[in-house]
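So you can see what is in the structure, the chains are spelled out below.
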Amino acid sequence: QAQLVESGGGLVQPGGSLGLSCAASGIIFRVYTMGWYRQAPGKQRELVATIANGGVTNYADSVKGRFTISRDNAKNMVYLQMNSLKPEDTAVYYCNAVRLTPSYRDLWGQGTQVTVSS
């Protein structure tokens with residue numbers, strides 16, 4: 001059974017750092033583009049960062065230079081290192097896995113809360 005499980009959320013002060021992890025199971029991890037998305041209260045879910053199977057990364061402008069996405073294909077893991085956190089980074093963060101071939105498939109984790117507050 002395909003599954004994504006996030007961990008690492010919590011409460012952090014502005015300017016602090018936090019790392020998120022996502023463990024994938026039940027999929028051929030290396031063929032998927034992995035991503036992190038977030039959803040703040042009253043707002044739509046938005047892209048944070050993605051990393052393709054070849055390692056090419058893409059970031060939302062709001063997190064460029066502060067967040068780093070990485071993956072470990074041997075461990076079926078994807079990570080999000082978040083530095084210089086701001087209150088506006090507060091949201092539920094979701095792990096995503098998507099593939100286009102041989103057929104489209106889109107998977108989501110259950111989400112982990114990140115709260116940036118003093």
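Residues numbered from 1 in each chain as written. Predicted model: local features only at pLDDT ≥ 70, side-chain atom pairs only at ≥ 80, totals over all residues. Heavy atoms only, no water.

(A) The arrangement of the packing of aromatic side chains in detail. All told, the structure shown has one aromatic pair when counted by the stated rule. Relative to Trp108, the ring of Tyr37 has its centre 5.0 Å away and its plane inclined at 70°; by these criteria the two rings are edge-to-face. Of this pair, Tyr37 sits in strand β4 (residues 33–39) while Trp108 sits in strand β10 (residues 105–108); the two residues are 71 residues apart in sequence, bridging distant segments of the chain. Its guanidinium or amino end placed over the ring of Tyr94, Arg45 lies 3.7 Å from that ring's centre, counting from NZ or CZ. When the ring centre of Trp108 is taken as reference, the NZ or CZ atom of Arg45 above it lies at 4.6 Å. (Phe/Tyr/Trp six-rings, centres within 6.5 Å; stacked < 30°, edge-to-face > 60°. Helix = DSSP H or I, 4+ residues; strand = E, 2+ residues; numbered from the N terminus. Lys NZ or Arg CZ within 6 Å of the ring centre and 35° of its normal.)

(B) Looking closely at the nonpolar core. Of all hydrophobic cores here, the largest spans 31 residues; its most connected members are Met34, Trp36, Val78, Leu80, Met82 and Tyr93. Put simply, the parts of the chain that give this core at least two residues each are β3 (18–25), β4, β5 (46–51), β7 (67–72), β8 (77–82), β9 (91–99) and β11 (112–116). Among residues more than four places away in sequence, those in contact with Val78 are Leu20, Ser21, Cys22, Phe29, Met34, Trp36, Ile51, Ile69, Ser70, Arg71 and Cys95. (Core = buried A, V, L, I, M, F, W, Y, C linked by side-chain atoms within 4.5 Å. Buried < 20%, exposed > 50% of the residue type's maximum accessible area, 1.4 Å probe, protein only. Contact = heavy atoms within 4.5 Å.)

(C) Structural view of the state of the cysteines. Throughout the structure, instances matching the rule amount to one disulfide. Shown here is the disulfide that connects Cys22 with Cys95, its sulfur atoms set 2.1 Å apart. Handedness of the Cys22-Cys95 disulfide follows from its S-S torsion of about -85°: it is left-handed. Of the two residues, Cys22 sits in strand β3 while Cys95 sits in strand β9, which places them 73 residues apart along the sequence. For the residue pair Cys22 and Cys95, the accessibility class agrees, reading buried in each case. (Disulfide = S-S within 2.5 Å.)

Remember that the coordinates give geometry; whether it matters functionally is a separate question.
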